[in-house]
Amino acid sequence: MSRLRRALGRAGQYVLVLVAATTLNFLLPHLAPGDPVTYRYGGQTAALTPEQLDEVRASYGLDAGLPEQYWSFWAGLVRGDLGVSIGYSRPVLAVLAERLPWTLALVGVATLLAFGLGTLLGAVAAWRRGSRRDVGIVTGVLALDAMPGFWVGMLLISVFSVELGWFPSYGAAAITADGAAEWVGVAQRMVLPVATLTLASLGSIFLLARASMTSVLDEAFIRLARSKGISERRLAVRHALRNALLPVYTNLTLAVGTLVSGAVVVETVFAYPGIGRMIYEAVIARDYPLLQGAFLLVTVGVLAANLLADLTYPLLDPRVRRSEAVEAREPAR
Amino acid sequence: MTPVLALRGLSVTFRGAGGRVPALVDVDLEVAAGEMVGLVGGSGAGKSTVARAIAGLERPDSGTIALDGADLATLSRRQQRDRRRQLHLVFQDPYTALPPAMRVRRIVAEPLVIHGLAERDRRVHDALAAVHLPPERYLSRYPHQLSGGERQRVAFARALVTEPRLVLADEPTQMLDASLRAELVDLMEELRSGRGVAVLHITHDLALAQRSCDRLVVLRGGRVVEQGPTHAVLARPAHPYTRALIDAARRLHHTA
Amino acid sequence: MTGTRSRRFATAGGVTLVLLITVALAAPLLAPYDPSARVGTPFASPSGAHPLGTNDIGQDLLTTLIFGARISLLVGIVAALAATLVGTSIGVVAGYARGWVDAAVMRLVDVVLALPVLPLTIVIGVFLGPGLSTQILVIASVIWAGTARELRAQVLSVREHDHIQALWAMGGRAGHVLPRHVLPAVAPLVVPQFVLATKTAILLEASLAFLGLGDITAKSWGTMLSLAQARSAFLTDAWLWWVVPPGVAIAVTVLSFALLAYAFEERARPSLADRFGGSPGTADLRSAVPGEPPTSGGDPLVIDELTVAYRDAVAVDRMRLRVAPAELVALVGQSGSGKSTVAAASTGLLPAAARITGGRVLVCGQDVAALGPEQLRSLRGDRVGLIPQEAMSALDPVRTIGDQIAEAVTAHRRMGRAAVRARVGELLSVVSLHPDRARDYPHQLSGGMRQRVVIAIALAAGPELLIADEPTSGLDVLVQAEVLDLLDGLRRRLRLAILVVSHDLPVVERIADRIAVMHAGQLVEIGPAGRIRAEPDHPYTRRLVEATPRLRLPEAASR
């Protein structure tokens, strides 16, 4: 009963975020100073006569009242109609679908790496809190976290592509290659962007994992486990790390948001053909429909990642698996 | 004579992530003027909830809380506040119940500030003297400079400063070392006999309750299972739960 | 240790920040040129006149860098100020009001937090157009939510503090409680929140500027990098003087904020080493130290002239005690008397800050202090079992009971699966739990059952000595007696030597053979339980015994 209510509550939460994001998306052109048509056509409106402008307005349904526009906006969404990209003169959905796989691959790999590496470093640092090793790791990660992701990317290109020539500096696939060579090319071109994205997103996960591990190590059950005479490694992994993972996992939200934000700048630096680079291009070209579509897609993506974390959380925590919900602990960031 | 405190059919439900949990069910309880009543029971019995409901920290689902015969629910907010001045809640843990960054003078004067009462210095002095803490030595100390026993005395001084007619003491000895418990109970007894303050003493320790209480109310699972004069309840417990409590206390206290 | 470290971090961050702000304020004095003037040939390499060279239109890069500090810091600090102000007010109000206000506000906060930050700022930024004030507005409007959430959580926890509840119980209204008690309590947390927000804001500004959404007339470090990217400076040698300096400037600025925030946070969370600072009294009872003659006999626990110190404070002073097989000794004293330190020293589990400065603890004939970590480990569980305080939280919440007992069984012996399972079932029966309980998780058990599981774990490897630190704390009165009876029965059945540490004399005197009384780090008296209770020698013991209320029952009630 109450589990169902809780599940419904979570579902409602997701729907709410989605509706809010979508509405924001709809309203933005209207909030902006000037006429939405100006925004739809970028700087080209000067070339149009007032009559032509009216025609355009009517053709986009912009002469209707706001509620009607909102309604038809939603109707369009349901049909999968996100409008037409100005820069590509193609449906926004089609452009997005083409770009999405690259970003998914990039963000997916970087998420796994950042999560694994961040948690591991956080646990190692917390294990002997206050030791030289801890101070060293914390200082290093804080410094890394302070660097803008795009700048790290630029440096990696300067060093590994320009100076050393180890990896290609842009694109996602070699232009003239097929078969195995094609895959090697794709892998080569992923190394630097994935590394950049991982390094740029490590910080928040690390700090969370370290704080979580620190508080777990204070728990009475750690003392009891140690009194059994088990090895320190077993204690660290099976009891401490296992419990410290829980809040890190529930706060994946923050990490995924950071990663997606990172993807925008990283793809821009590496001219990677994903959604992020496309957002940059859309900004430059003032391609508003494409920008709106991308924002919507990214929001849906982040929500989907959260939903996944939510649904799989009970696998990690027996307390929510069987009985009433225990609010997962969230240490301060 | 109208009792200082009268609970009739008091029920409180907790709403949490796990749904609705009844905390108190149909509790009837009275405390007469100048009387010390012991509210006893195991952990989770709802003892603290009774005190919190009376102090206005929990909202009852049904039932009435009457102070000096006046049902609180029928009073205006202002009148309620004035009535509540007649009672004071002393918490279990003296280490957390006092604001850490304030000196004793301000801590004890707080109820006077809240209720806009005058003659603060005199009242604070009187209250500290009543709990045997020489004011000149304690007024400008911070809680962390006090021992657990001293802190709990400061808490009682704060309770007395508005000269209430009823003190709700929620396991006030629980966090103290065993050797200090009896002292504090004796202090409560002294306040009752000397100042005529009625006390609702919440405790799980039957030996402490026996030492000071006129009557006992036994709570289990949010319900009153038995109540009566202390000696009668201890000598002829009617409810099996009361018998179990007495038995446990006897085993714990090595009393043949 | 941690104190000095967080101070060092704070100093490093603070000094750097002051320097940066000075540079920003004094930019017109420090910069060699006018930032908008074209003073050199385009794409010039570094030279005496232009230490960092020039950009694509011949502006001096060093000048741009120095003036960039103004924009980056301005946007970061103003946006963070606005966000902190809004976030704090909203968080405090939501946390204090609770109910529907809180629900509505937190829904909004959740929505903002769930939206991807950079794409959101980009979309808003694009539609509102470029400009410094737009940038500040956009950044502030996405980062306030984090502060609001944090502050609300803090207010919610402050609300639960007894001293705030006490105010309400006294009739205090929001007008009194909020400004006088709640705000001062959360105020220290606003500073680190602001610092964190500034760090986020500066990085966001850099990203926005890099994507071409900055104000082109007011060049920040991000704008410089954006131009470097657009002119492909990082593909030539120019990366060294055009790309590296602004990035380093951003990183150093953000790092100095991060160090400050980190130092604040560390200060709010003292480490283990700092927590055990409490020193016991120094009353000198030395001349009267009783204790027992050191015996070399085969007693499982022999404590001989043990002295333990936390830094300079002596917590245990020349303690002597021994426990024989099948004997139950109770160690009684007030909090801070050093009794728990004795228990910890006996299992080699002293906190890092504590050191054994004299004497020794022999567990089954082995000097605990002289053992290496590996030898200690093989001693623990196998020869000596520990029952720690806090039964409610002593079990790992994510592992089954059976798993946790099995771990203790196999820590010292290789056994087949079936044998382990049989042993786990047997141990559960020993503590009067059904073997099926092995499949349960701790949260499915009551406090008394959990304490039984903890005892089963302590017994798992068949130790000779059991050390129980306040085994009844946190348990219901009805359960306390059961747990004590269980311990009493075990030492008879298994001939275990048991040391029970307790602050509650009456609780242990029924089952103890002998009682040892500790005060201010010293053993003041030890003797048979009956004698201690009937005729205590030491004045402190006498006070302890006399002050303890006991239940007096009329004949009718006793069985």
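From a predicted model like this one, the values you see are computed outputs, not experimental measurements.

Enquirer: Tell me about the overall build of chain C, and name the residues and values.
Expert: Per the secondary structure count, chain C includes 20 helices and ten strands. The globule rule puts the C-alpha radius of gyration for 559 residues at 24 Å, and the 33 Å found for chain C is more than 25% above it. The principal-axis extent of the C-alpha atoms belonging to chain C is close to 100 × 55 × 55 Å. For chain C, buried positions account for 59% of its 559 residues. Once local pairs closer than 6 in sequence are excluded, the contacts in chain C between residues at least 24 apart make up 69%. Carbon and sulfur atoms form 58% of the exposed surface of chain C, whose accessible area is close to 21,700 Å².

Enquirer: Pulling in residues and values, what's your account of the overall build of chain A?
Expert: Assigned secondary structure in chain A consists of 14 helices and zero strands. Ordered by position from the N terminus, the helices and strands of chain A form the series α-α-α-α-α-α-α-α-α-α-α-α-α-α. Counting every position in chain A, which comprises 333 residues, the buried fraction comes to 48%. Counting contacts in chain A only where the partners sit at least 6 residues apart, residues at least 24 apart contribute 71% of the total. Of the accessible surface of chain A, which amounts to about 15,100 Å², a share of 66% is contributed by carbon and sulfur atoms.

Enquirer: Can you tell me about the pairing of strand 8 (residues 198-203) of chain B, naming the residues and giving the values?
Expert: Within a regular strand, the side chains alternate between the two sheet faces. Residue and element names in this part refer to chain B. When you tally the buried positions in strand 8, you get six out of six residues, the bulk of the element. Pairing of strand 3 (residues 36-40) with strand 8 involves five bridges; the strand directions are parallel. When the bridges of strand 8 are listed, Gly38 appears paired with His201. Where strand 7 (residues 166-170) and strand 8 come together, five bridges link them in parallel fashion. Paired with Leu168 across the two strands is Leu200, which belongs to strand 8. Crossover strand 7 to strand 8 through helix 8 (residues 178-195) is right-handed.

Enquirer: Could you give an account of the packing of aromatic side chains, with specific residues and numbers?
Expert: Residues and elements named next belong to chain A. Inspection of the entire model under this criterion finds six aromatic pairs over all chains. Between Trp102 and Tyr272 the ring centres are 6.0 Å apart and the planes differ by 90°, which places this aromatic pair in the edge-to-face class. Highlighted residues: Trp102 in helix 5 (residues 92-127) and Tyr272 in the loop between helix 11 (252-269) and helix 12 (275-285), separated in sequence by 170 residues. Overall, Trp102 belongs to the partly exposed group, its relative accessible area being 27%. Tyr272 gets classed as buried once you look at its relative accessible area, which sits at 0%.

Enquirer: Give a description of the nonpolar core that names residues and reports values.
Expert: Phe150 of chain A together with Ile122 of chain C are the most contacted members of the largest nonpolar core, which totals 116 residues. Aside from chain neighbours lying at most four places away, what touches Phe150 of chain A is Val265 and Val269 of chain A together with Ala206, Ser207, Phe210 and Leu225 of chain C.

Enquirer: Which residues make up the interface of chain C and chain A, and what are the values?
Expert: Every contact between the two is made by 82 residues of chain C and, on the other side, 85 residues of chain A. Taken together, the links from chain C to chain A amount to five salt bridges. In this structure, the salt-bridge partner of Glu407 of chain C is Lys228 of chain A, at a minimum N-O distance of 2.9 Å. If you look at where chain C meets chain A, you find 15 residue pairs in polar contact (both at pLDDT 80 or more). In terms of residues, the side of chain C that touches chain A owes the most to one element, helix 10 (residues 239-268) of chain C, which gives 14 residues.

Enquirer: Kindly report on the pattern of salt bridges, identifying the contributing residues and their values.
Expert: Per the counting criterion, the structure on display carries 44 salt bridges over all chains. With a closest N to O distance of 2.7 Å, Asp488 of chain C and Arg491 of chain C form a salt bridge. Note that Asp488 of chain C and Arg491 of chain C are positioned in helix 17 (residues 477-494) at a spacing of three residues, about one turn of the helix. Its relative accessible area of 14% is what places Asp488 of chain C among the buried residues. Judged by relative accessible area, Arg491 of chain C falls into the buried class, the value being 2%. Between Arg531 of chain C and Asp537 of chain C there is a salt bridge whose closest N-O contact spans 3.9 Å. Taking relative accessible area as the criterion, Arg531 of chain C reaches 25% and is therefore assigned partly exposed. The exposure class of Asp537 of chain C is exposed, given its relative accessible area of 53%. Within this structure, Lys228, Arg234 and Arg238 of chain A together with Arg399, Asp403 and Glu407 of chain C form a network of salt bridges that share partners.

Enquirer: Lay out helix 3 (residues 61-97) of chain C with the relevant residues and their values.
Expert: Taking 1.5 Å per residue, 37 residues should reach 54 Å; helix 3 of chain C reaches 53 Å between its end C-alpha atoms and fits that length. Positive phi shows up at Arg98 of chain C, right after helix 3 of chain C, with a value of about 50°.

Enquirer: Just give me the short version of the side chain of Arg81 of chain B, but keep the residues and values in it.
Expert: Of note, Arg81 of chain B is situated in helix 2 (residues 77-84). Within the buried core, Arg81 of chain B has no salt-bridge partner, and the shortest N-O distance to an opposite charge, that of Asp82 of chain B, equals 5.8 Å. What Arg81 of chain B contacts, discounting residues up to four positions off in sequence, is Ile114 and His115 of chain B together with Gly171 and Arg173 of chain C.

Enquirer: Let's hear about the sheet that holds strand 10 (residues 522-528) of chain C: which residues, and what values?
Expert: Residue and element names in this part refer to chain C. Strand order across the open sheet formed by six strands is 6-7-8-3-9-10, with mixed pairing between neighbours. At either end of the open sheet lies a strand with only one pairing partner, and these are strand 6 (384-387) and strand 10. Put simply, the sheet's adjacent strands are angled 15° from each other on average, direction ignored. Contacts from helix 16 (residues 447-459) reach strand 6 and strand 7 (465-469), with the element oriented near 165° to strand 6. Sheet strands touched by helix 17: strand 3 (328-332), strand 6, strand 7 and strand 8 (497-502). Its angle to strand 8, the strand with the most contacts, is close to 160°.

Enquirer: So what about unusual backbone geometry? Which residues, and what values?
Expert: The backbone phi angle of Glu171 of chain B is positive, close to 45°, even though this residue is not glycine. The backbone of Cys364 of chain C shows a phi angle near 50°, a positive value even though the residue is not glycine. Inspection of the secondary structure puts Cys364 of chain C in the loop between strand 4 (354-363) and strand 5 (366-367). Cys364 of chain C gets classed as buried once you look at its relative accessible area, which sits at 17%.

Enquirer: Go over the domain arrangement of chain C, please, and point to the residues and values.
Expert: Structurally, chain C comprises domain 1 (2-35 + 61-267) and domain 2 (299-392 + 464-547). Taken over C-alpha atoms, the centre of domain 1 of chain C sits 52 Å from the centre of domain 2 of chain C.

Enquirer: Pulling in residues and values, what's your account of the packing of helix 3 of chain C against helix 8 (residues 174-210) of chain C?
Expert: All names here are of chain C. Put simply, helix 3 and helix 8 touch, their axes get as near as 7 Å, and they point 145° apart. Here helix 3 runs over helix 8; the crossing is right-handed. The residue makeup of the contact of helix 3 with helix 8, split by class, is 19 nonpolar, five polar and one charged.

Enquirer: Would you mind going over the pairing of strand 3 of chain B in detail, with residue names and values included?
Expert: Residue and element names in this part refer to chain B. In terms of burial, strand 3 is largely enclosed, as five of its five residues are buried. Two elements, strand 3 and strand 9 (residues 215-220), share four bridges in a ladder whose sense is parallel. Opposite Gly38, over in strand 9, you have Leu216 as the bridge partner.

Enquirer: Mind laying out a nonpolar patch on the surface, listing which residues take part and the relevant values?
Expert: All names here are of chain A. A contiguous nonpolar surface patch, about 290 Å² in accessible area, is contributed by Val159, Leu164 and Trp166. Take Trp166: it is sitting in the loop between helix 7 (149-163) and helix 8 (180-217). For Trp166, a relative accessible area of 54% translates into the label exposed.

Rules used throughout
Residues numbered from 1 in each chain as written. Chains lettered and ligands numbered in written order. Predicted model: local features only at pLDDT ≥ 70, side-chain atom pairs only at ≥ 80, totals over all residues. Heavy atoms only, no water. Helix = DSSP H or I, 4+ residues; strand = E, 2+ residues; numbered from the N terminus. Rg over C-alpha atoms; globule rule 2.2 N^0.38 Å. Buried < 20%, exposed > 50% of the residue type's maximum accessible area, 1.4 Å probe, protein only. Contact = heavy atoms within 4.5 Å. Areas by Shrake-Rupley, 256 points an atom, 1.4 Å probe, with all protein chains shown as cover. Pairing = 2+ DSSP bridges. Right-handed = clockwise from strand over helix to strand, strands pointing away. Phe/Tyr/Trp six-rings, centres within 6.5 Å; stacked < 30°, edge-to-face > 60°. Core = buried A, V, L, I, M, F, W, Y, C linked by side-chain atoms within 4.5 Å. Salt bridge = Lys/Arg side-chain N within 4 Å of Asp/Glu carboxyl O. Polar contact = N/O pair within 3.5 Å; in protein donor to acceptor, adjacent residues only side chain to side chain. Expected span 1.5 Å × (residues − 1). Lys, Arg positive; Asp, Glu negative; His and termini not counted. Axes fitted to C-alpha atoms, helices over the stretch in contact; angles between N-to-C directions. Domains from an automatic or database assignment. Left-handed = near helix turned anticlockwise from the far one by under 90°. Nonpolar A, V, L, I, M, F, W, Y, C, P; charged D, E, K, R; others polar. Patch = residues over 30% accessible without salt bridge, like charges linked within 9 Å, V, L, I, M, F, W, Y side chains within 5 Å.

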